[in-house]
Amino acid sequence: MNIQLNLYQAPWHHVSQRDALAFARACLARGDRIERVFFYMDAVYVGLMTQSPASDEVDLKQAWLDFAAESGCELLLCIAASANRGLLNDTEAQRYQSPVSTVREPFQLAGLGQWALGYGEADNVVSFR
């Protein structure tokens, strides 16, 4: 089964990102494929490369990076939500004349077209709110 995950909550504010990661790992274990994870609204903060979680907190950014390396899935941050929150890749940093980019690969900025694509391509779209 081919699955797209949609996440909406900030990584430090809600357990939904931890639940989504556990779900994604369980899907892989049973032979499913996670095609992409689309982070929308405050969920985009997971791609902020300058964050430094406390040593007693789960580093969800690193956990998603590890998962993407293991599974080959895309990690997509909504471009509008990201720019609104100061998450910029090199291209968007130049566009907004920002001296620094705060998003690094494998996180990619993508439009809602990519989000909608999952509804046509994936066997299942699972949202975590």
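Everything below is about the structure printed above this text.
### Here's the deal with the sheet that holds strand β5 (residues 124–128)
In any sheet, the strands associate via hydrogen bonds between backbone groups, in a parallel or an antiparallel arrangement.
Turning to step 1, where the next piece is worked out: Pairing in this open sheet of 5 strands is parallel, and the strands run β4-β3-β2-β1-β5 from one edge to the other. Sheet topology places β4 (107–110) and β5 at the edges, where each strand pairs with a single neighbour. Here the strands of the sheet are splayed against their neighbours by 25 degrees on average, with no regard to which way each runs.
Turning to step 2, where the next piece is worked out: Strand direction decides the pairing type here: strand β3 (residues 74–78) and β4, joined by 4 bridges, are parallel. Pairing of Cys78 across the sheet is with Ala110, part of β4.
Turning to step 3, where the next piece is worked out: Each of β1 (2–7), β2 (33–39), β3 and β4 touches helix α2 (residues 60–71); the most contacted strand, β2, lies at about 150 degrees to it.
Turning to step 4, where the next piece is worked out: Contacts between helix α5 (residues 112–121) and the sheet are confined to β1, β2, β3, β4 and β5, with β2 contributing the most and set at about 150 degrees to the helix.

### Let's talk about the side chain of Asn6
Turning to step 1, where the next piece is worked out: For Asn6, the position within the fold is in strand β1.
Turning to step 2, where the next piece is worked out: Separated by 2.9 Å, the side chains of Asn6 and Gln4 make a polar contact.
Turning to step 3, where the next piece is worked out: Among residues more than four places away in sequence, those in contact with Asn6 are Phe38, Trp115, Tyr119, Val125, Val126, Ser127 and Phe128.

### Section: the pattern of salt bridges
Turning to step 1, where the next piece is worked out: Applying the stated criterion to the full structure yields 6 salt bridges.
Turning to step 2, where the next piece is worked out: The closest approach of N and O atoms between Asp32 and Arg30, which form a salt bridge, is 2.6 Å.
Turning to step 3, where the next piece is worked out: Overall, Arg30 belongs to the exposed group, its relative accessible area being 59%.
Turning to step 4, where the next piece is worked out: Three or more residues joined by partner-sharing salt bridges are found here, namely Arg36, Glu74 and Glu121.

### Describing the layout of surface pockets
Turning to step 1, where the next piece is worked out: For the largest pocket, the calculated volume is near 200 Å³.
Turning to step 2, where the next piece is worked out: Of the residues that constitute the lining of the largest pocket, the class distribution is 5 nonpolar, 3 polar and 2 charged.

Rules and cut-offs
Residues numbered from 1 in each chain as written. Predicted model: local features only at pLDDT ≥ 70, side-chain atom pairs only at ≥ 80, totals over all residues. Heavy atoms only, no water. Pairing = 2+ DSSP bridges. Helix = DSSP H or I, 4+ residues; strand = E, 2+ residues; numbered from the N terminus. Axes fitted to C-alpha atoms, helices over the stretch in contact; angles between N-to-C directions. Contact = heavy atoms within 4.5 Å. Polar contact = N/O pair within 3.5 Å; in protein donor to acceptor, adjacent residues only side chain to side chain. Salt bridge = Lys/Arg side-chain N within 4 Å of Asp/Glu carboxyl O. Buried < 20%, exposed > 50% of the residue type's maximum accessible area, 1.4 Å probe, protein only. 1 Å grid on protein atoms, 1.4 Å probe; cavity = no way out; pocket = protein on both sides within 12 Å on 5 of 7 lines; lining within 4 Å. Points joined across faces, edges and corners; volume = space filled by probe spheres on them. Nonpolar A, V, L, I, M, F, W, Y, C, P; charged D, E, K, R; others polar.

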